[in-house]
Amino acid sequence: MAATNYSDAVRNGVQAAGRLQRDLKLRDQIQAEPSAVDIFAIIAQLDLPLLVRPLKGLLGAYVDVPSPGILVTTERPLSIQRFTAAHELGHRLMGHRPSLDDEEQILRRGSLEELRIRDRRDGYQEAEADAFASAMLMPKWLIQLHCGRQAWRIDDLVRPEIVYQLSLRLGASYEATVRTLERYGMISGANRIALLAVPRRKLKVTLLGDFRPETYKGNVWVLTERDDGGRLDGGSNDHIVVELQEKGSAGFLWDVRPLSDAGFTAISDIRSGVEGDAVGGPYLRRILIAATETSTENVTLRQIRPWQPEAAIDAFSVRLDFSGPEAGGLSRAERRLRLGAA
Ligand SMILES: [Zn+2]
């Protein structure tokens, strides 16, 4: 039913996202391989043509001539490209008119009064597409799934470094994640203001320690054994801090060579004692690596004695795809589908 006010528009968008998630059994899929919602794969699965290309002044568009299709700009980070693609899919699934969407429209920038005027003018279709995109990419169950895997409790969601890592696993921007947490009542309005006041660059600087990258545009992931069995989708400017517990005294060390085999560049590898200065560990090992355009691989790390490589006491596997943001041409989802079919 066409919305005549903002809350109806939100309800319509949320319902359309819920329907699609049920039809695609998305929850089962993500429980099998925890990750962000692969919106580009979903669009490919729905046979809706999607073109990624440089767009002047627009983040994306939904067109219906000669036939329905989606355009997404190359000029933004992966999180914004994903949100834009979901917004345009919302237009398609809710039977909207074609829409050329700039940043104001997709990110709902403007005062409450400006938004109210725009919503009335376009018949709430932008509000519907926005609610669809948020509910599609950041459903409450997905936030709970990632928090459960990482052992983050509700009180942890006021900590910017935790919200940042959550946003990476949702494939959403930090800001969108904060706003969504507030909407679900998981943080307060005061928490939202405090979280949004933290410069993202500061979070990255802290994680990178002494290392100074050329730019701070990329993200910094903290990867641990808790990410076992999951898939992480990042960008080729990103860095990853791999944090692993090591039982040094018994001679067991994590073999991290599979990371360089997968195309990541090692920057530093530091061990520090945990639980005081007890001689012989355990140790916390912190490895900093940089993604490159070729870093796309299943990686399995094993904790072994170097002289007994067959007898691992611990292992974990992750699928790492750090080829984003989406460049022109085929989306990574389509590349994956084609590789799978080959
Ligand atoms: Zn739109």
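Just so you know, these numbers come straight off a predicted model, no measurement behind them.

K.L.:
Where do I start with empty space enclosed by the protein in this structure?
P.N.:
Sizing a probe to match a water molecule and rolling it over the atoms shows the empty space that remains. Scanning all chains against the criterion turns up 3 cavities of 30 Å³ or more. The space that makes up the largest cavity amounts to roughly 90 Å³. For the largest cavity, the lining is made up of 15 residues, of which S35, H146, R169, R231 and L232 are closest to its centre. Looking at the lining of the largest cavity, the elements that each hand over two or more residues are α8 (140-150), α9 (160-170) and β6 (231-235). Residues belonging to the lining of the largest cavity are distributed by class as follows: 5 nonpolar, 5 polar and 5 charged.

K.L.:
Looking at this structure, how should I read the layout of surface pockets?
P.N.:
By volume, the second largest pocket is sized at about 390 Å³. Lining the second largest pocket we find 19 residues, and of these Q150, W152, V222, T224 and E243 sit closest to its centre. Elements represented by at least two residues in the lining of the second largest pocket include exactly α9 and β7 (239-246). Here the lining of the second largest pocket gathers at least three residues from each of two domains, domain 2 (141-198) and domain 3 (209-341).

K.L.:
Explain the pairing of strand β1 (residues 50-53) to me, please; I cannot follow it from the model alone.
P.N.:
For a regular strand, side chains alternate in direction, first toward one face of the sheet and then toward the other. Burial of the side chains of β1 is restricted to one face: L50 and V52 are buried, whereas none of L51 and R53 on the reverse face is. Alignment of β1 against strand β3 (residues 69-73), held across 4 bridges, turns out to be parallel. Paired with L50 across the two strands is I70, which belongs to β3.

K.L.:
When you look at the coordination of the zinc ion in this model, what are you seeing that I'm missing?
P.N.:
For a metal bound by four donors in tetrahedral geometry, the ideal donor-metal-donor angle is 109.5 degrees, whereas six donors in octahedral geometry ideally sit at 90 or 180 degrees. Around the zinc ion, the protein contributes the donor atoms H87 (NE2), H91 (NE2), D101 (OD), D101 (OD) and E126 (OE), which lie 2.0 to 2.4 Å from the metal centre. In primary-sequence terms, the residues that donate to the zinc ion follow H-x3-H-x9-D-x24-E. Residue H91 is located in helix α4 (residues 78-93), and its partner D101 is located in strand β4 (residues 99-101); the two are separated by 10 residues in the primary sequence. Take D101: its relative accessible area is 0%, and that puts it in the buried class.

K.L.:
I'm lost on the sheet that holds strand β2 (residues 60-63) in this one. Help?
P.N.:
In a beta sheet, neighbouring strands are held together by backbone hydrogen bonds and run either parallel or antiparallel to one another. Reading across the sheet, the 4 strands line up as β1-β3-β2-β4 and stay open at both edges, with mixed pairing between neighbours. Where the open sheet ends on each side, the last strands, each with one partner, are β1 and β4. Strand after strand, the sheet turns through a mean of 10° between neighbouring axes, direction not considered. Here β2 pairs with β3 via 4 bridges, running antiparallel. Looking across to β3, one finds that A61 is bridged to L71. Sitting on the sheet, α4 is in contact with β1, β2, β3 and β4, with an inclination near 160° to β3.

K.L.:
Is there a simple way to explain the domain arrangement of the protein in this structure?
P.N.:
Size of an interface, as often reported, equals the accessible area lost when the parts are brought together. The assigned domain composition of the protein is domain 1 (6-137), domain 2 (141-198) and domain 3 (209-341). Averaged C-alpha coordinates put domain 1 and domain 2 at centres separated by 21 Å. Contacts between the two partners involve 14 residues from domain 1 and, on the opposite side, 12 residues from domain 2. Both sides of the domain 1 and domain 2 interface together cover about 1,100 Å² of buried area, and 60% of this is carbon and sulfur.

K.L.:
How do you make sense of the packing of aromatic side chains when you look at a structure like this?
P.N.:
Think of a pair of aromatic rings as described by two things: how far the centres are apart, and how the planes are tilted against each other in angle. One pass over the full model with this rule turns up 3 aromatic pairs. When the centroid spacing of 5.8 Å and the interplanar angle of 75° are considered together, the rings of F264 and F322 count as edge-to-face. Taken together, the positions of F264 in the loop between α13 (257-261) and β9 (265-273) and F322 in strand β12 (residues 314-324) put the pair 58 residues apart, joining distant regions of the chain. A residue is classified by how much of its surface remains accessible, and F264, at 4% relative accessible area, is buried. Residue class for F322 comes out buried when judged on its relative accessible area of 0%. Grouping aromatic residues by their ring pairs yields a cluster made of W221, F264 and F322. Between the NZ or CZ atom of R183 and the centre of the ring of Y184, over which it lies, the distance is 5.9 Å.

K.L.:
What is the right way to read the sheet that holds strand β10 (residues 283-290) from this model?
P.N.:
If you trace the 4 strands from one edge of the open sheet to the other, you get β5-β7-β10-β9, paired in mixed fashion. Each edge of the open sheet is held by one strand with a lone partner, namely β5 (220-223) and β9. The sheet shows a mean angle of 20° between the axes of neighbouring strands, taken without regard to direction. Packing of helix α12 (residues 200-208) onto the sheet brings it into contact with β5, β7 and β10, and relative to β5 it is tilted by some 50°.

Rules of the game
- Residues numbered from 1 in each chain as written.
- Predicted model: local features only at pLDDT ≥ 70, side-chain atom pairs only at ≥ 80, totals over all residues.
- Heavy atoms only, no water.
- 1 Å grid on protein atoms, 1.4 Å probe; cavity = no way out; pocket = protein on both sides within 12 Å on 5 of 7 lines; lining within 4 Å.
- Points joined across faces, edges and corners; volume = space filled by probe spheres on them.
- Helix = DSSP H or I, 4+ residues; strand = E, 2+ residues; numbered from the N terminus.
- Nonpolar A, V, L, I, M, F, W, Y, C, P; charged D, E, K, R; others polar.
- Domains from an automatic or database assignment.
- Buried < 20%, exposed > 50% of the residue type's maximum accessible area, 1.4 Å probe, protein only.
- Pairing = 2+ DSSP bridges.
- Donors = N, O, S within 2.8 Å, 3.2 Å for Na, K, Ca; no water.
- Axes fitted to C-alpha atoms, helices over the stretch in contact; angles between N-to-C directions.
- Contact = heavy atoms within 4.5 Å.
- Buried area = accessible area lost by both parts, 1.4 Å probe.
- Phe/Tyr/Trp six-rings, centres within 6.5 Å; stacked < 30°, edge-to-face > 60°.
- Lys NZ or Arg CZ within 6 Å of the ring centre and 35° of its normal.

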